[in-house]
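Each chain, letter by letter, is given below.
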2 protein chains.
Amino acid sequence: MESRYAKINVSVDNVIFGWDGEHLNILLIEQKRAPKNVHLSPRLAIPGDLVLVEEGLDDAANRILKELTKLEGIYLRQFEAFGDPSRVKEEKDQDWLKAFREDPDAHVITVAYFSLVRMDLVNPEASSFASNTLWVEMHNIPDLAFDHNRIIDKALRRLRQNVEQKSIGFELLPEKFTLTQIQSLYEAILDKKLDKRNFRKSIKKLDTIIPLNEKQVGVTHKPGQLFEYKPS
Amino acid sequence: MESRYAKINVSVDNVIFGWDGEHLNILLIEQKRAPKNVHLSPRLAIPGDLVLVEEGLDDAANRILKELTKLEGIYLRQFEAFGDPSRVKEEKDQDWLKAFREDPDAHVITVAYFSLVRMDLVNPEASSFASNTLWVEMHNIPDLAFDHNRIIDKALRRLRQNVEQKSIGFELLPEKFTLTQIQSLYEAILDKKLDKRNFRKSIKKLDTIIPLNEKQVGVTHKPGQLFEYKPS
DNA sequence: ACAAAAGTGTTGGAGATACACCCATGA
DNA sequence: TCATGGGTGTATCTCCAACACTTTTGT
C-alpha cells in the first residue's frame, strides 16, 4: 500500500516584491550553507522552506516572510503549485540537495506565493534558511536555484494582471502618497508608460483611494495632494 | 534535521465538469471501500489520488482523469492548492483515513484541478480509487468528503471567470455546434440568462469559433448554422 | 397553419484613449 | 527666473446593454 506513493517534500516559496519609490525589486537569499565541513559556493534563490508539521500553507508562507522581514499582516497571495519532478533534478542543484536534504532524491513540490512589501520598512535578515539576503532589481535577476526564475516569471504575470485591474499594489506605497507616486509604481510593475491624465481619472474613481487635506512638504516643485489607501 | 518537517501526503483532486447539452454536472466518486473486513459506508468525493513516485502534478491529474474516463488530451487546469492541516481532520473523515492511509494523521495537501469533458464521450468507470462513479447536477451536490464542497466552489468560480472572458468552455461542445448551443452552455455555467443578439455578436468576434458551410439537420425548426472550435 | 428555434440592427451610455498647456514651489 | 513635477478637459472611439420582429423548417 505504500510504495506506489511518492515520498514528497512540500515547500513554500515566496516571491517578495519590494518597492523603493523607483524600482521594483525582488528579495533573494543565499541559501544556507551546508553544515560543517561540506563546502558549497552560495546559491541565490527566492526565499522558501519546507512546510512544518501541522503547518498550513498560508502559515508557512507567512512564517518565511516574517523570519526575513519581521513583518506580519503583509499582502500575500498563493498563485501556483509547481510539481514537475524534474524541477529539482538539474545538475546545478544536486550538491545543495545532498548537503541539506534528508532525502535528496525526493520529489519536491512547491507552492508559490507572492507578497508585496515596502522596502523602507524592512531590513531583511538572515534566517534559518538564508545565510544572507539581498534586494535585486527586477530587470537584473541572475540565474537562480531550481526553477526559481520561472516561478518569478509567473509571479510577475499574476502581479501584472492584478495591477491592471487596480485591485492590488497600493500595499507598496507609504501611508500617504501622491498620484504621481502610484503612477510610477504602476509603470514599473507593468513596464510601460501610462498617460497622466487618464491614469488620474481612473484612480480617482476608486473608493479605496481617499484624498487627504494635505500636501507634500519639502519638495522642490509644486507640492502634490496626498492620498491614502483604505483596503475595502 | 528531520523532525521539524511534516510528513506530508500530496494528493491531486480533480473537479470534472461535464455537459450534456442541458445541465452542468460534476463527476463524483464513491471512495473505494476499505479492504477486507473493515466496514465503511460509502462516501462521496471528487476524484483524486495521492501523487505517485516521480509523477508530476499535471501527470497525476491526467492519470486520474484517464482512469475514470479513458480520455486523454482533455482540458485540465490547476487552480489552487489546499493545505490547511484541519482540512482532513473532521470527524466524518477519520474512519476512512484510518482504513486507507498508511499514516492517517498525516497532513494532506491537495492540488486541485478542474477539467471539462463532454458527457456523451464518457462512460465513467470504477478505478483504483473509486468503487463507483456518478454525474451529479451542479445544483444538487451533496455533502462530500473532506473539504471537497469548498474545492468545487472555488473551481466553479474560476470556471466562471474564464467563461466570462470567453477563453474556455468550447471544450464541452460537440465538434459542430450552433450558436444557441454555446449560449445554453454559458447560461448554465454562469447561471443566468444572456441576451441572444449581444451574445452572438460577441461570439462572432472570436477567431477561435469558425463558421462552417453546414446547417443542422433533422431538427423540427429552422436549422441553425454550424460552427467549430479551433483552439488558438 | 402552427410550433419551434434561427437570425438580425439600432440606440444610448460608459469607459478607454489621445493629446498640450498653465501652476506652485524651492533653489 | 528657472527647473521640476503638479494639475487639468475635451473629442473620439470602442464596448456593452437594452430591446422585437421576421424567417425557415418539420409536422
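Being a predicted model, the structure only gives us computed values, none of them experimental.

**Q** Any chance you could break down the relation of the copies chain A and chain B for me, citing the residues and the numbers?
**A** Least-squares fitting of chain A to chain B yields an RMSD of 0.1 Å, with the superposition described by an axial translation of 0.1 Å and a rotation of 179°. Accordingly, the operation relating the two chain copies is best matched by a two-fold axis. The fraction of interface residues of chain A whose copies in chain B are also interface residues reaches 100%, indicating that both copies meet through the same surface.

**Q** Give a detailed account of the packing of helix H3 (residues 148–164) of chain B against helix H4 (residues 179–190) of chain B, specifying residues and quantitative values.
**A** Residues and elements named next belong to chain B. The interhelical angle for the contact between H3 and H4, taken along N-to-C directions, is 140°, at an axis separation of 9 Å. In this view, H3 runs oblique relative to H4, as classed from their interaxial angle. Where H3 crosses over H4, the two elements pack in a sense that is left-handed. For the pair H3 and H4, the contacting residues are Leu156, Leu159, Arg160, Val163 and Glu164 in the first and Tyr186, Ile189 and Leu190 in the second. In the contact of H3 with H4, the residues fall into six nonpolar, no polar and two charged.

**Q** Explain the protein's contact with DNA strand D to me, using residue names and the numbers behind them.
**A** Residues in contact with DNA strand D amount to 21 residues; listed here are only the nearest, A:Thr180, A:Lys196, A:His221, A:Gln225 and B:Lys222. Counting only the atoms of DNA strand D that lie within 4 Å of the protein, the sugar and phosphate share comes to 38%. Contacts to DNA strand D include A:Thr180, whose side-chain N or O atom sits 2.6 Å from a phosphate oxygen. In this structure, B:Asn198 approaches DNA strand D through a side-chain N or O atom, which is 2.9 Å from a base nitrogen.

**Q** Give me the lowdown on helix H1 (residues 57–69) of chain A, citing residues and values where you can.
**A** Helix length check: H1(A), at 13 residues, gives a terminal C-alpha distance of 18 Å against a target of 18 Å (1.5 Å per residue), a fit within 8%. What H1(A) keeps buried is the set A:Leu57, A:Ala60, A:Ala61, A:Arg63, A:Ile64, A:Leu65, A:Leu68 and A:Thr69.

**Q** Describe the domain arrangement of chain A, with residues and values.
**A** All names here are of chain A. When cut into domains, chain A gives domain 1 (8–164) and domain 2 (173–229). Once you take the C-alpha centre of each, domain 1 and domain 2 turn out to be 31 Å apart. In this complex, domain 1 contributes nine residues to the contact, which on the side of domain 2 involves 11 residues. For the pair domain 1 and domain 2, the summed buried area comes to about 980 Å², and 65% of that belongs to carbon and sulfur atoms. Three residues, Trp19, Arg118 and Val163, lead the burial of domain 1 against domain 2; their summed loss comes to 56% of the area buried on that side. Across the domain 1-domain 2 interface, the total number found is one salt bridge. A salt bridge links Glu175 to Arg118; the nearest nitrogen and oxygen atoms lie 3.0 Å apart. The interface formed by domain 1 and domain 2 holds two residue pairs in polar contact (both at pLDDT 80 or more) in total. If one sorts the elements of the side of domain 1 that touches domain 2 by residue count, helix H3 (residues 148–164) sits on top with five residues.

**Q** Can you break down the pattern of salt bridges residue by residue, with the values?
**A** Residue and element names in this part refer to chain A. Counted by the stated rule, this structure contains 30 salt bridges over all chains. One salt bridge in this structure joins Arg63 and Glu55, with 2.7 Å as the shortest N-O distance. Each member of the pair Arg63 and Glu55 is classed as buried. The network of salt bridges with common partners includes Asp49, Glu55, Arg63 and Glu67.

Conventions and cut-offs
- Residues numbered from 1 in each chain as written.
- Chains lettered and ligands numbered in written order.
- Predicted model: local features only at pLDDT ≥ 70, side-chain atom pairs only at ≥ 80, totals over all residues.
- Heavy atoms only, no water.
- Least-squares fit on C-alpha atoms with pLDDT ≥ 70 in both.
- Contact = heavy atoms within 4.5 Å.
- Axes fitted to C-alpha atoms, helices over the stretch in contact; angles between N-to-C directions.
- Helix = DSSP H or I, 4+ residues; strand = E, 2+ residues; numbered from the N terminus.
- Parallel < 35°, antiparallel > 145°, perpendicular 65-115°, else oblique.
- Left-handed = near helix turned anticlockwise from the far one by under 90°.
- Nonpolar A, V, L, I, M, F, W, Y, C, P; charged D, E, K, R; others polar.
- Near = heavy atom within 4 Å.
- Polar contact = N/O pair within 3.5 Å; in protein donor to acceptor, adjacent residues only side chain to side chain.
- Expected span 1.5 Å × (residues − 1).
- Buried < 20%, exposed > 50% of the residue type's maximum accessible area, 1.4 Å probe, protein only.
- Domains from an automatic or database assignment.
- Buried area = accessible area lost by both parts, 1.4 Å probe.
- Salt bridge = Lys/Arg side-chain N within 4 Å of Asp/Glu carboxyl O.

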